[in-house]
Amino acid sequence: MDKFVVYQSSLKGEVKVSGSKNATLPIMAATLLTDEECKIIGVPDLADVRTMIKILDILGKEVIFEGGVLIIKRKPKKWGYVAPYRLVRTMRASFCVLGPLLARRKKAKVSFPGGCIIGVRPVDLHIKGLRELGAQLNIERGYCVGEAKKLRGAHIFLGGAFGSSVLATDNTLMAATLAEGETTIEYAACEPEVVDLALFLKKMGADIEGEGTHLIRVRGVKSLGGAEFKVIPDRIEAGTFIAVALATGSSLTISGINPLHLTAVIETAKKIGANITVSDSKIHIDVFKKLSPTNITTLPYPGFPTDLQAQFMVALCLAEGISLVNEKIYPDRFMHVSELNRMGARIQRSGPYAIIEGNRNLVGAEVMASDLRASAALVIAGLVAKGKTEILRIYHLDRGYEKLDEKLKILGAKIKREKS
Ligand code: UD1
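What you are looking at is a predicted structure, and each value in this text was computed from that prediction instead of being measured.

## Observations concerning the packing of helix 6 (residues 166-176) against helix 7 (residues 192-203)
- One can describe the packing of helix 6 onto helix 7 by two numbers: an axis separation of 10 Å at closest approach and a directional angle of 15 degrees. With respect to helix 7, the axis of helix 6 lies roughly parallel. Between helix 6 and helix 7 lies a crossing of right-handed hand. Taken together, the residues of helix 7 that come into contact with helix 6 (itself represented by V166, T169, D170, L173 and M174) are V194, L197, A198 and L201.
- Per-class residue counts for the contact of helix 6 with helix 7 are seven nonpolar, one polar and one charged.

Dropping the structure here:
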């Protein structure tokens with residue numbers, strides 16, 4: 001297992017973000033809706049993408065992945081329809097094969113993803129959406145097993161206790177493209193990654209409107225064809241570099257991005273003390289002054305993303321004063337708090353809130369990465385802390401950041417990958 005060894009660093013320069021993980025994975029699942037060849041461009045080389053390749057392989061797709069390009073075509077042999085626990089449990093996005101399998105192959109057996117370190121993550125909305133389209137779904141020995149002789153368009157309300165759901169919207173949307181008649185998804189997720197999936201489906205021949213709003217309308221078509229598509233840049237990776245610049249007081253240019261996907265993040269960074277200039281596909285960030293405390297509430301898009309809560313918390317540990325984080329998507333997503341406190345932070349957790357007493361001097365320590373985004377927060381803390389920080393279990397980070405250590409090194413960070 002690899003670990004990172006990180007020292008206090010000051011960074012400078014330009015970094016280019018990779019393609020979006022969260023856009024790529026459902027788009028890969030969508031290729032199950034056709035027998036024709038699909039080409040996906042700008043794909044990051046990540047453990048999660050490799051896992052999805054394995055799942056598609058089991059489901060009868062031949063996948064070639066080279067130079068950020070995925071070519072996905074049907075294997076000549078018989079189709080599979082089972083997504084096994086050993087793969088699905090490592091990555092919730094793989095549950096997204098359920099909708100396409102039911103729509104195209106009429107049956108599916110997909111393992112439930114199970115629990116997750118960031119809290120309870122149910123899939124009731126996925127099941128609701130697909131059942132309302134006419135799928136018969138049962139739970140059998142940890143698997144969601146179902147068939148869909150015929151899917152029919154329906155009006156589906158997909159709001160849950162925590163608002164909209166990204167992957168439940170994706171699953172329902174994909175199945176609806178081949179359902180008979182018209183489907184409306186009310187309280188659909190508006191995230192840019194959902195829009196990207198809808199644009200890919202349209203290139204395949206789907207009839208969709210309203211993507212990016214809470215009401216998506218789909219008119220079912222008989223079949224979908226192959227498509228070539230470039231995925232959007234990863235807004236969470238871009239936001240992570242904004243948090244790096246804030247915490248380390250660095251001047252960074254973050255390129256290859258869509259700044260319109262980052263409005264809430266840029267606004268928050270400015271409140272904490274960043275000077276940010278925005279152009280078409282880049283932002284430049286300088287930090288000239290002492291950081292200020294602020295309150296962050298995570299919300300569905302276009303609100304501040306839960307996937308950047310941990311990284312921004314590190315900057316708040318350095319700001320002069322008290323900050324409050326209100327985690328409204330995953331109330332238990334605070335695994336990084338105890339590790340940051342071990343490095344000298346003063347954060348108190350109370351239910352979905354974290355109260356951060358800032359102006360702390362962080363000190364290097366041996367810490368444990370617990371999930372993908374928490375790992376990125378620990379890297380940022382290591383870049384600020386006095387002395388040596390060792391971050392164990394960075395396989396979490398490799399799931400979702402393409403060569404983060406190498407990109408940071410080019411900017412001047414003292415970071416090494418070692419065997420632990
Ligand atoms: C996606 C992202 C993840 C991000 C999350 C929230 C991918 C691959 N992952 O995950 O990085 O943190 O959006 O922006 O795109 N919920 C239910 N029932 C359901 C499904 C979800 O109650 O059936 C709840 C969840 O527990 C959570 C909220 O809805 O409180 C939002 O979760 P959701 O948008 O579904 O997250 P994912 O799509 O799994």
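Let's pick the thread back up.
## A few points about the domain arrangement of the chain
- Its domain assignment divides the chain into domain 1 (2-18 + 233-419) and domain 2 (21-230).
- The distance between the C-alpha centroids of domain 1 and domain 2 comes to 30 Å.
- Taken residue by residue, the interface counts 23 residues in domain 1 and 20 residues in domain 2.
- Interface of domain 1 and domain 2: buried area, both sides summed, is about 1,800 Å²; carbon and sulfur atoms make up 56% of it.
- Taken as a group, Y301, Y330 and R399 account for 32% of the area that domain 1 buries against domain 2, more than any other trio of residues on that side.
- For the pair domain 1 and domain 2, the interface holds two salt bridges.
- For R235, the salt bridge is made with E193, and the minimal N-O distance between the two is 2.8 Å.
- Across the side of domain 1 that touches domain 2, the residue classes break down as eight nonpolar, four polar and 11 charged.

## So, the pattern of salt bridges
- All told, the structure shown has 28 salt bridges when counted by the stated rule.
- With a closest N to O distance of 3.1 Å, R104 and D35 form a salt bridge. Placement of the pair is R104 in helix 4 (residues 98-105) and D35 in the loop between helix 1 (21-30) and strand 3 (38-41), with a sequence separation of 69 residues.
- Ionic contacts of the salt-bridge type, sharing partners, join the residues D2, D398, D405, R417 and K419 into one network.

Calculation criteria
- Residues numbered from 1 in each chain as written.
- Predicted model: local features only at pLDDT ≥ 70, side-chain atom pairs only at ≥ 80, totals over all residues.
- Heavy atoms only, no water.
- Axes fitted to C-alpha atoms, helices over the stretch in contact; angles between N-to-C directions.
- Helix = DSSP H or I, 4+ residues; strand = E, 2+ residues; numbered from the N terminus.
- Parallel < 35°, antiparallel > 145°, perpendicular 65-115°, else oblique.
- Left-handed = near helix turned anticlockwise from the far one by under 90°.
- Contact = heavy atoms within 4.5 Å.
- Nonpolar A, V, L, I, M, F, W, Y, C, P; charged D, E, K, R; others polar.
- Domains from an automatic or database assignment.
- Buried area = accessible area lost by both parts, 1.4 Å probe.
- Salt bridge = Lys/Arg side-chain N within 4 Å of Asp/Glu carboxyl O.

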